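# Geometric and topological summary
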Amino acid sequence: ALMTELKKLPGASRRSEALRVPDGDVAIYTDGACSGNPGPGGYGCVILHGDQRVELSAGFNLTTNNRMEILACIAGIEAFAEMGETRATLVTDSRYVVNAVTKGWAKKWRSRRWMRTDIEPAKNPDLWERMLDLLDANDVCFRWVKGHAGHADNERCDELAVAAAAGSDLPPDAGFRDDKPLTLF
């Protein structure tokens, strides 16, 4: 699958280049939220395709903000894949997610058996494994947008994520245990 990096678009301002979604692409907007870190968390996702709009969200009783940022992307890409479309542009305000994908960090961590360095494990390997498998099978371009800067769909994702985190009887985040992310090895 093709993953493209952030690129300077001719004549585009820094703000508009992050928001550009090529004609024909499905637009996936995502955000994660956490009340405390760790604490109750949630994610929100808005998928736009033609005149269709799909909103997704879920919350968990103990997790981290980064886990929710990744899980929002996973939920969006899984829903996109079910649509049978061929290309998507995913817009997120998480530099962690954009950099891990576009700079190849996550692939490097996986190639090193989920180690960032010889002695430091990568965080969230369970979610990164899922994300990389989805990206291997789908054509998704990642774009960064500044959070809380007035972009309607990013703001809506934030609302969904915050509301999900504030829900009652939230299920556990299966990959998060004892204030430490689950490791695969």
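Here, the structure is the one placed above.
So, how was this worked out
- Residues numbered from 1 in each chain as written.
- Predicted model: local features only at pLDDT ≥ 70, side-chain atom pairs only at ≥ 80, totals over all residues.
- Heavy atoms only, no water.
- Helix = DSSP H or I, 4+ residues; strand = E, 2+ residues; numbered from the N terminus.
- Buried < 20%, exposed > 50% of the residue type's maximum accessible area, 1.4 Å probe, protein only.
- Contact = heavy atoms within 4.5 Å.
- Phe/Tyr/Trp six-rings, centres within 6.5 Å; stacked < 30°, edge-to-face > 60°.
- Lys NZ or Arg CZ within 6 Å of the ring centre and 35° of its normal.
- Expected span 1.5 Å × (residues − 1).

Of regular secondary structure, the chain possesses six helices and seven strands. Starting at the N terminus, the α and β elements of the chain follow one another as α-β-β-β-α-β-α-α-α-β-α-β-β. Within the chain, the fraction of its 185 residues that count as buried is 47%. Within the chain, counting contacts between residues at least 6 apart in sequence, those at least 24 apart form 70% of the total.

Bringing the packing of aromatic side chains into the picture now. The relation between two aromatic rings is expressed through the spacing of the ring centres and the mutual angle of the planes. For the structure on display, the rule yields two aromatic pairs. Both rings, one in Tyr96 and one in Trp128, keep their centres 5.6 Å apart while their planes meet at 75°; by these two values the pair is edge-to-face. Taken together, the residues span a long stretch of sequence, with Tyr96 in helix α3 (residues 95-102) and Trp128 in helix α5 (residues 125-137) at a distance of 32 residues. Residue Tyr96 shares its accessibility class with Trp128, and that shared class is buried. Sitting over the face of the ring of Trp144, Arg95 holds its NZ or CZ atom 3.6 Å from the ring centroid.

This part takes up α5. If you check α5, its first and last C-alpha atoms are 18 Å apart, about what 13 residues at 1.5 Å a residue would give, namely 18 Å. Buried residues of α5: Pro125, Asp126, Leu127, Trp128, Met131, Leu132, Leu134 and Leu135, and no others.

The subject of this paragraph is unusual backbone geometry. In the segment running from Asn37 into Pro38, the intervening peptide bond is cis, with an omega of 15°. Here Pro38 shows up in the loop between β1 (26-34) and β2 (39-49). Positive phi, close to 55°, is recorded for Arg113, a residue that is not glycine. Examined against the element boundaries, Arg113 turns out to sit in the loop between α4 (105-111) and α5.

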